[in-house]
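In case you want the letters, here they are:
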Amino acid sequence: MRHCAITFTLSLAFMPAALCQLPDNPNMGPGGILLRPPGPMDTTRTRQQADQNRDEMVAPLKITYGKKSAEWTAPKLAELPHETIQVTDERTHAQETYSGVPLIALLVELGVPQKLKGRDFRLYVVAEGRDGNKVVYSLGEISPEVHEGSVLLADSVDGKPLSDNGPIELISSGERRPARWVRNVTSIKVQAAD
């Protein structure tokens, strides 16, 4: 037993000096052993690149009215005039400012009447998200001529592109909670009630 202890002590005494010196990296110890983890990475650029790559891979939003249709991407929507609405996040109770294009502006381009009357009130939209969630809005709820609330195709919140709910989210103001908001909206179809 005593012999092993002496051998161990002697082997340490004759260790080469190069192994006992610390390398230039302050996080590394002798023999390349990590003494402490490196600091956190700056993921801002990585997140921006991921958002851009995601937006390029996502199928465009298709809006259909009768035989007419148009496709919209977040970069294409960004070129159009925007409106903002402020809402309170029901989970965090924080104020958020969403920016987006009024849905009615895109519908009018396809021939939906801007000023509704008579039979126009039979029209409604079905909006669908990538997850299969579908919601319905009457055209009266979308038209600022009839309804005080706004229905937007939002592409940013608090001045930043949407992340998990985007690149385009259908949102509305004037409701008690965001029950009819559609994340990652992919399809909007205008239909008529019989």
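Structure's up top.
Residues numbered from 1 in each chain as written. Predicted model: local features only at pLDDT ≥ 70, side-chain atom pairs only at ≥ 80, totals over all residues. Heavy atoms only, no water.

Draft legend 1. Highlighting the overall build of the protein. Each helix and strand counted, the protein has 6 helices and 10 strands in total. Counting only residues that meet the buried cut, the protein has 32% of its 194 residues in that class. Sequence separation of 24 or more characterises 56% of the internal contacts of the protein that already satisfy a separation of 6 or more. Working note: accessible area of the protein is about 13100 Å², and carbon and sulfur atoms make up 54% of it. (Helix = DSSP H or I, 4+ residues; strand = E, 2+ residues; numbered from the N terminus. Buried < 20%, exposed > 50% of the residue type's maximum accessible area, 1.4 Å probe, protein only. Contact = heavy atoms within 4.5 Å. Areas by Shrake-Rupley, 256 points an atom, 1.4 Å probe, with all protein chains shown as cover.)

Draft legend 2. Representation of the packing of aromatic side chains within the structure. By the definition in use, this model includes 1 aromatic pair. A cation over an aromatic ring shows up here: R180 above the ring of Y137, its NZ or CZ 4.1 Å from the ring centre. (Phe/Tyr/Trp six-rings, centres within 6.5 Å; stacked < 30°, edge-to-face > 60°. Lys NZ or Arg CZ within 6 Å of the ring centre and 35° of its normal.)

Draft legend 3. Representation of the pattern of salt bridges within the structure. Inspection of every chain in the model, using the stated rule, returns 3 salt bridges. We note a salt bridge from R183 to D131, for which the minimum N-O separation is 3.4 Å. Of the two residues, R183 sits in the loop between strand 9 (169–172) and strand 10 (185–192) while D131 sits in the loop between strand 5 (123–129) and strand 6 (134–138), which places them 52 residues apart along the sequence. Exposure remark for R183: the relative accessible area of 45% places this residue in the partly exposed category. Classification of D131 by relative accessible area gives exposed; the value is 52%. (Salt bridge = Lys/Arg side-chain N within 4 Å of Asp/Glu carboxyl O.)

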